[in-house]
Amino acid sequence: MADVTPVMQQYLDIKKQHGDAILFFRMGDFYEMFYEDARIASEELGLTLTSRDKSKKDPVPMAGIPYHAANGYLTKLLRAGYKVAVCEQTTLPGKGKGPVQREVMQVVTPGTVMGEESLDARSNNFLVTVSLDGGAAGIAMADISTGEFLAGEIPASRNWLDELERINPSEVILSDKEAPELEREIKSRLDVMVTTRDGWMFDFQYAADRIRDHFGVTSLKGFGIEDSPVAVSAAGGVLAYLTETQKASLDHITAIRRYRPGATMFLDARTRRNLELTATLSEDGTSKGTLFAVIDRTVTPMGARLLKTWISNPLIEPEGIIARHDGVQEFFDYPERIREAAAVLKGVHDVERLIGRVCLDRANPRDLLSLAESLERSWELRETVSQFRSSLVRSCAEEIEDLRDISAIISDALVDNPPAVFTDGGIFRDGYLPELDELRDISRSGRRWIADYQARERQRTGIATLKVGYNNVFGYYIEVSNSNRERVPEDYIRKQTLVNAERFITPALKEYEEKVLGAAERINELERNLFTELRREAASRVREIQAFSHAAAAIDVLHSYATIARERGYTRPEIYDGPVIEIRDGRHPVVETLIPAGKFVANDTVLDGEREQILIITGPNMAGKSTYLRQVGLIVLLAQTGSFVPASSAHIGAVDRIFTRVGASDNLAGGESTFLVEMNETANILNNCTPRSLILFDEVGRGTSTFDGLSIAWAIVEYLHQVQHAAARTLFATHYHELTELETLLPKVKNYNVAVREWNDEIVFLRKIMEGGSDQSLGIQVARLAGLPKKVITRAREILTNLEANEFTVNHEPKIASERPKAPDGTLQLSLFELPEHPVVEELRQIDVENLTPIKALLMLEQLKRKVVKKDSR
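Values in this document were obtained by computation on a predicted structure and should not be read as measured data.

Quick word on the overall build of the protein chain
Scanning the protein chain for helices and strands turns up 29 helices and 26 strands. For the protein chain, the proportion of its 874 residues judged to be buried stands at 49%. Sequence-distant contacts, at least 24 apart, represent 67% of the contacts inside the protein chain between residues at least 6 apart. Carbon and sulfur atoms make up 50% of the accessible area of the protein chain, which totals about 42600 Å².

Rendered as structure tokens:
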């Protein structure tokens, strides 16, 4: 385009390189957007859409935002599913020829965002790459905000999509060779941004070289991934994408940890949702009312993130679990240690993310000051926990270095309340650098010098109204009204003519201007350089600072577990590698917090893979079966995260997986009915469970006909009981009371029921799990409690009575009366199943039994029988 200005040509050239992102193009104090970017921004951000070159036939659409408010707008665009390329001015206006130079300094995506406004302080923000090779899948994940980096291999026997759901990434990177098919699969399971990159980024040799270059090593053996080419390919893809988007050092990514899915309990997405670990089943998925919310007493963001990780990834080997329990026990036994640790930790900010911003050159002065305040607590935290004897806490203490020196360097340099943007100046203390102090004296004395100069000039010229002023265009000037022009000295140099006045400069004023403006420019340059050096100083200690952060997070979680245990009467569970789960006086950790203290009814549970493997739980609706099932699952899960549990005692044979089949839902978009979804989930459980697993079935087979559903449920129980490799410990809640007969047929099946009492047609829910089966569902009483109309309830009772009386035809259809009889009050009685009288009934009424001889009785009985047979045969 021949008429494109140099600045717009610069914009178009940069936009061409970042076509998949909205370009924030810095122009002075604003980020401007043009063309389609402007239209999108105006719609998503509520901005006024204007245009550039309005006089032209096709003006360019334009929208802008103030640069200092960019983070809020950027967050909105990310949440709407867009990427943003941030283009900054790299030269100062007026310096050099041509337009100001600009360069994209960062591409911000959901998986690479660093701003506090866009991140949940209590959750990780993972970017994930997936690389497939045959049946195996390589998965690498990085949280650029914390520097966490993991890579591993998912074997063919395990679904990598399940693993992806567990990680819950913000963005997934795929090779363009695999993208179309994989993207469809991922989008069917996750609402996540999928980004495609050239396949060579995932080439094994390229990936291995990139990893070695980044970490400065000659071998991958130190990371434990040298034997997994797909893990290496995925890890290289992560590093390549982060380098491309961040355009900065990634020094805070200091190591790769081997991702070992088999070392922790795998919880599929359905189980995590049903147990409401970190999000509720409600549509908004809020965290209020989740397990995480009710046990979180952490006081640092790093601790909260680690707690969420532990909840989502329980350990499965007793040794590691017991080590955590030992740490909680020490805090629990000495409450003063809980208070001491909390007091120190409250002074520790989000060190993990602060040092991440420092290493990426995105930390502002306030970030550095927060880091300094946190590091000041490093040695105090070490001293606080050094008296502990548990191996986990002691190892945490040993990781903490004394970081008070770097804290002092930062604190001595920065003012107590620095501005958020270091380019605003005024961030270093007076006395920090003599040269800076001198320049500030020049700048601060400006007003005094101008006032003195103005007074001298008034006295010299005799012009009492003479004024000395300043503007950005002409700099300093002397203004004289037209009525005093005759008195202007010869050394005044005319600069500007106004309607009623003239403006002048003098050599002395020009010299001072150069001195003052030069001082201001030098101050800005000096402070920028000093701040950059200060950030580098902090970044040079990244490994020690991250070690402190990790140790503080672990101590925080253990402190949180102990705090909850003391507040709520949790006890330490016994963990071993065996078949028994025995819980005494177990309570639901969430539900008990939602009702008055002491009102929750505790229950026992004994599951023994060798004797009481499957418990059939029957009882009415609303009696508490679902709560009981989830309660057992949550107690086991809590125990294996390292927490104490809500019970008077718990002896738990560690489980490898918890499976849940709860509630009814469909997948209409995928062509799956409610029942098909239920069967898919059940198939997944039966195909993947082991004798070490725990299964929670809350109704199976209710989505089809009664006999079909009962048959399926019966066969499932038999399968779990008889197939050795699938003999999981199972709680099976059901309204199929016929299943209670299995106790007499299968030796490891036991019946339990939730006790209720009926009193004057009212239900009293006792919430107590008792031995034995139940033959009542009391659904009509529950319907009455829910507020169904009285006529519906009355009619339901009549129908139930007839159904229970087995009033069906030979085709198993209800016998429907031809007429509806009247109720005693004369109204129409709602009756479908009352039978019309048989003709023989009237004859029976007329028989005089007292005067009937035996022979006559037999003859009459024979006649009545013929009439009945004759009528029924029609």
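Moving on from the coordinates now.
Some words on a nonpolar patch on the surface
On the surface, Ile855, Leu858, Leu859 and Leu861 cluster together to form a nonpolar patch covering roughly 450 Å² of accessible area. Within the secondary structure, leucine 861 is located in helix α29 (residues 854-872). The class of leucine 861 is exposed, set by a relative accessible area of 55%.

Examining the packing of aromatic side chains
Enumeration over the complete set of coordinates arrives at 17 aromatic pairs. Seen in terms of ring centroids, tyrosine 11 and phenylalanine 34 are 4.9 Å apart; in terms of plane orientation they differ by 80°. Their pairing is edge-to-face. Within this pair, whereas tyrosine 11 is found in helix α1 (residues 6-17), its partner phenylalanine 34 is found in strand β2 (residues 30-34), the two being separated by 23 residues in sequence. Ring centres of tyrosine 470 and tyrosine 476 lie 4.8 Å apart, and the angle between their planes is 55°; this geometry places the pair in the tilted category. On the basis of relative accessibility, which here comes to 38%, the residue tyrosine 470 falls in the partly exposed class. The cationic tip of arginine 26 hangs over the ring face of tyrosine 31; the distance from NZ or CZ to the ring centre is 5.6 Å. Here the guanidinium or amino end of arginine 337 rests over the ring plane of phenylalanine 388, the centre of that ring lying 4.7 Å away.

Some details on the confidence of the model for the protein chain
With 88% of its residues at a pLDDT of 70 or more, the protein chain has an overall mean of 86. Low pLDDT, under 50, characterises residues 666-671; the predicted model gives this stretch 7 contacts beyond four residues in sequence or across chains. Below pLDDT 50 for its whole length, residues 808-835 participates in 40 contacts with residues either more than four positions away or in separate chains.

Here's the deal with the packing of helix α23 (residues 674-688) against helix α24 (residues 706-722)
Any two packed helices are characterised by the angle at which their axes cross and by the distance between the axes. It is the contact of α23 with α24, at a shortest axis distance of 12 Å, that shows an interaxial angle of 10°. On the basis of the axis angle, α23 is roughly parallel to α24. For the pair formed by α23 and α24, the contact residues are Phe675, Met679, Thr682 and Leu686 on the first element and Ile712, Ile716, Tyr719 and Leu720 on the second. A per-class count over the contact of α23 with α24 returns 7 nonpolar, 1 polar and no charged.

Let's talk about the nonpolar core
Across soluble globular proteins, you tend to see nonpolar side chains buried next to one another. Core analysis: the biggest nonpolar cluster contains 105 residues, and Ile295, Leu368, Leu371, Phe428, Phe548, Ile658 and Leu694 have the highest contact counts within it. Here this core takes 14 residues from helix α21 (residues 542-568), the largest share from any one element. Residues Ala140, Phe149, Leu220 and Leu250 belong to the second largest nonpolar core, which totals 30 residues.

Quick notes on the sheet that holds strand β21 (residues 649-653)
The mixed open sheet is built from 4 strands, whose spatial order is β17-β21-β18-β19. Strand pairing shows two members of the sheet lacking a second neighbour, β17 (574-576) and β19 (603-608), which therefore form its edges. Neighbour-to-neighbour, the strand axes of the sheet open up by a mean angle of 10°, direction not taken into account. As judged from the 3 bridges shared by β17 and β21, these two strands associate in the parallel manner.

Re the sheet that holds strand β3 (residues 50-52)
The strand order across the open sheet built from 6 strands is β3-β4-β2-β1-β5-β6, with neighbouring strands paired in mixed fashion. Taken across any chain shown, the strands that pair with only one partner, and hence form the sheet edges, are β3 and β6 (102-108). Sheet twist, expressed as the average angle between the axes of neighbouring strands with direction ignored, equals 35°. Helix-sheet contacts for helix α2 (residues 35-45) involve β1 (22-27), β2 and β4 (60-66), and the interaxial angle to β2 is about 110°.

A look at the environment of leucine 375
By the secondary structure assignment, leucine 375 is in helix α14 (residues 365-375). For leucine 375, a relative accessible area of 0% corresponds to the buried category. Put simply, leucine 375 and alanine 408 are 33 residues apart on the chain and 9.1 Å apart in space, counted from C-alpha to C-alpha.

Points about the packing of helix α12 (residues 335-345) against helix α15 (residues 378-385)
For the pair α12 and α15, the least separation of the axes is 10 Å and the interaxial angle reads 170°. It follows from the interaxial angle that α12 and α15 lie roughly antiparallel. Contacts between α12 and α15 pair Glu340, Ala341, Val344 and Leu345 from the former with Glu380, Leu381 and Thr384 from the latter. In terms of residue class, the contact of α12 with α15 is built from 4 nonpolar, 1 polar and 2 charged.

Points about the pattern of salt bridges
Summed over the entire model, instances satisfying the criterion amount to 45 salt bridges. Across the pair glutamate 244 and arginine 197 runs a salt bridge whose closest N-O atoms are separated by 2.8 Å. Separated by 47 residues along the polypeptide, glutamate 244 in helix α7 (residues 229-246) and arginine 197 in strand β11 (residues 193-197) bring together distant segments of the chain. A salt bridge links arginine 584 to aspartate 604; its shortest N-O distance comes to 3.3 Å. You can see arginine 584 sitting in strand β18 (residues 580-586) and its partner aspartate 604 sitting in strand β19, a full 20 residues away along the chain. Overlapping salt bridges, with partners in common, bring together Asp20, Lys83, Arg197 and Glu244 in one network.

Some remarks on the pairing of β18
As defined by bridge partners, β18 adjoins β19 across 5 bridges and the pair is classed as antiparallel. The residue of β19 that forms the bridge with glycine 586 is asparagine 603. Alignment of β18 against β21, held across 4 bridges, turns out to be antiparallel. Residue pairing across strands places isoleucine 581 opposite isoleucine 652, the latter belonging to β21.

Notes on unusual backbone geometry
Phi is positive for lysine 247, close to 50°, though the residue is something other than glycine. A relative accessible area of 40% means that lysine 247 is categorised as partly exposed. Of note, the phi angle at glutamate 699 is positive, near 75°, even though the residue is not glycine. Inspection of the secondary structure assignment puts glutamate 699 in the loop between β23 (694-698) and α24.

Notes on α12
Burial in α12 covers these residues: Arg337, Ile338, Ala341, Ala342, Val344 and Leu345. The buried residues of α12 occupy one face: seen down the axis, they fall within an arc of 165°. Against the buried residues of α12 lie α11 (318-333), α15 and α21.

Regarding the pairing of strand β8 (residues 136-143)
When you tally the buried positions in β8, you get 8 out of 8 residues, the bulk of the element. Across the two faces of β8 the burial is the same, with Ala136, Gly138, Ala140 and Ala142 and Ala137, Ile139, Met141 and Asp143 all buried. Taken together, the 7 bridges between strand β7 (residues 127-133) and β8 define a ladder with antiparallel strand orientation. Opposite leucine 132, over in β8, you have alanine 137 as the bridge partner. The turn joining β7 and β8, which pair antiparallel and follow one another in sequence, is formed by 2 residues; a positive phi near 65° is taken by glycine 134. Pairing geometry for β8 and strand β9 (residues 148-154), over 7 bridges, is antiparallel. In the strand pairing of β9, glycine 138 is matched with glutamate 153.

Quick notes on the side chain of threonine 734
As for its position among the elements, threonine 734 is in the loop between β24 (729-733) and α25 (742-745). Look at threonine 734 and you get buried, because its relative accessible area is 0%. A polar contact is formed between the side chain of threonine 734 and the backbone nitrogen of tyrosine 736, at a distance of 2.9 Å. Excluding residues that lie within four positions of it along the chain, threonine 734 makes contacts with Ile616, Ile617, Thr618, Lys625, Glu699 and Leu739.

Reading the values: rules and limits
- Residues numbered from 1 in each chain as written.
- Predicted model: local features only at pLDDT ≥ 70, side-chain atom pairs only at ≥ 80, totals over all residues.
- Heavy atoms only, no water.
- Helix = DSSP H or I, 4+ residues; strand = E, 2+ residues; numbered from the N terminus.
- Buried < 20%, exposed > 50% of the residue type's maximum accessible area, 1.4 Å probe, protein only.
- Contact = heavy atoms within 4.5 Å.
- Areas by Shrake-Rupley, 256 points an atom, 1.4 Å probe, with all protein chains shown as cover.
- Patch = residues over 30% accessible without salt bridge, like charges linked within 9 Å, V, L, I, M, F, W, Y side chains within 5 Å.
- Salt bridge = Lys/Arg side-chain N within 4 Å of Asp/Glu carboxyl O.
- Phe/Tyr/Trp six-rings, centres within 6.5 Å; stacked < 30°, edge-to-face > 60°.
- Lys NZ or Arg CZ within 6 Å of the ring centre and 35° of its normal.
- pLDDT = per-residue confidence, 0-100.
- Axes fitted to C-alpha atoms, helices over the stretch in contact; angles between N-to-C directions.
- Parallel < 35°, antiparallel > 145°, perpendicular 65-115°, else oblique.
- Nonpolar A, V, L, I, M, F, W, Y, C, P; charged D, E, K, R; others polar.
- Core = buried A, V, L, I, M, F, W, Y, C linked by side-chain atoms within 4.5 Å.
- Pairing = 2+ DSSP bridges.
- Arc of directions from axis to C-beta.
- Polar contact = N/O pair within 3.5 Å; in protein donor to acceptor, adjacent residues only side chain to side chain.

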